[in-house]
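Remarks on the overall topology
Here is what each chain is made of, one letter per residue.
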Amino acid sequence: NAEPTMMSRDQVFSTTMFGVRLGDGVPLDILMSVRWSIQDGQGFLAQFESPARYDSLILRPRSKEIAAGVANTYPSVDSLFTTQRFSFINDLKKAFTEKLVEEGMEVKEVIVSEIRYPHTFTSAKEKVGLKEQELEAIRQQAIVDRERSLAAKKKAEADGQVAITQ
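Described below are features of the structure shown in this document.

Reading the values: the criteria
- Starting afresh in each chain, residues are numbered from 1 along the sequence in its written order.
- With the structure being a predicted model, the display of local features is reserved for residues of pLDDT at least 70 and the display and counting of side-chain atom pairs for 80 or more, all residues being used for whole-chain, interface and lining totals.
- With hydrogens and water excluded, all non-hydrogen atoms of the structure serve as input to the side-chain values.
- The salt bridge definition used is simple: a Lys or Arg side-chain nitrogen within 4 Å of an Asp or Glu carboxyl oxygen.
- Numbering of helices and strands runs from the N terminus, with a helix taken as a DSSP run of H or I at least four residues long and a strand as a DSSP run of E at least two residues long.
- Each residue is placed in one exposure class: buried if its accessible area under a 1.4 Å probe, protein chains only, is under 20% of its type's maximum, exposed if it is over 50%, and partly exposed if it falls in between.
- A pair of strands counts as paired when DSSP detects no fewer than two bridges linking them.
- Axis lines are fitted to C-alpha atoms, over the contacting stretch for helices. Their N-to-C directions set the angle, which ranges from 0 to 180 degrees.
- Stacked, edge-to-face and tilted are the three classes for Phe, Tyr and Trp ring pairs, Trp counted by its six-membered ring, which pair at centre distances within 6.5 Å; planes under 30 degrees apart are stacked, over 60 edge-to-face, the rest tilted.

Considering the pattern of salt bridges
- In the structure shown here, the tally under the stated rule is 5 salt bridges.
- A salt bridge links Glu109 to Arg35; its shortest N-O distance comes to 3.2 Å. On the criterion of sequence distance, the pair formed by Glu109 in strand β3 (residues 105-116) and Arg35 in strand β2 (residues 27-38) is long-range, its members being 74 residues apart.
- By relative accessible area, Glu109 is classed as partly exposed at 34%.
- A relative accessible area of 30% places Arg35 in the partly exposed class.
- Between Glu102 and Arg62 there is a salt bridge, and its shortest N-O distance comes to 2.7 Å. Taken as a pair, Glu102 in the loop between α5 (85-99) and β3 and Arg62 in helix α3 (residues 51-71) lie far apart in primary sequence, 40 residues in all.
- Taking relative accessible area as the criterion, Glu102 reaches 22% and is therefore assigned partly exposed.

What follows is the structure, encoded as structure tokens:
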């Protein structure tokens, strides 16, 4: 009978949640997997008939709900893109571990494999980054030009001093 084997193995639920909105309304796509196991095989089968059925009836809708709850507490896509990314991922993992639990099952691991930002946001960030690089290059060139100018002035003054003494 394959059912005891299926019940004793870890199960993996993978999903992509599209359009999970942050506090500022910016939508993210979150790719994640949950490794879980069935603790009470008979009770589980009586209620859900299979792990795949449990995934579709419980894990998929509840995942979107949990992710939306966590994401909404982060007010800005800018901060999530820069300083709060790891905090966000940890908060997602904690919320999933605590809120996906049902009687007769255990969440063993939550893996957030990717967070996708809207293309318009990443394009804008890339353009800003390039502009900042260009501005820094201009600043560095100005410093080099100023140093050259000072060196040329000192050389001219030194040449003038040499000419006067001769």
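The structure having been displayed, the exposition proceeds.
Things to note about the environment of Gly43
- Tracing the sequence through the fold places Gly43 in helix α2 (residues 41-48).
- Distance in space between the C-alpha atoms of Gly43 and Glu103 is 9.0 Å, their sequence separation being 60 residues.

Section: the sheet that holds β2
- Ordered in space as β1-β2-β3, the 3 strands form an open sheet in which the pairing is antiparallel. Of all the strands in the sheet, the pair left with one neighbour each is β1 (11-21) and β3. Strand-to-strand, the axes of this sheet are offset by a mean angle of 20°, without reference to chain direction.
- Two elements, β2 and β3, share 10 bridges in a ladder whose sense is antiparallel.

Quick word on the packing of aromatic side chains
- Inspection of the entire model under this criterion finds 6 aromatic pairs.
- With 5.8 Å between their ring centres and 45° between their planes, Trp36 and Phe44 make a pair best called tilted. Of the two residues, Trp36 and Phe44, neither departs from the other in class, the shared state being buried.
- Among the aromatic residues, those joined into a cluster by ring pairs are Trp36, Phe44, Phe48 and Tyr54.

All quantities given are derived from atomic positions and should not be read as evidence of function.
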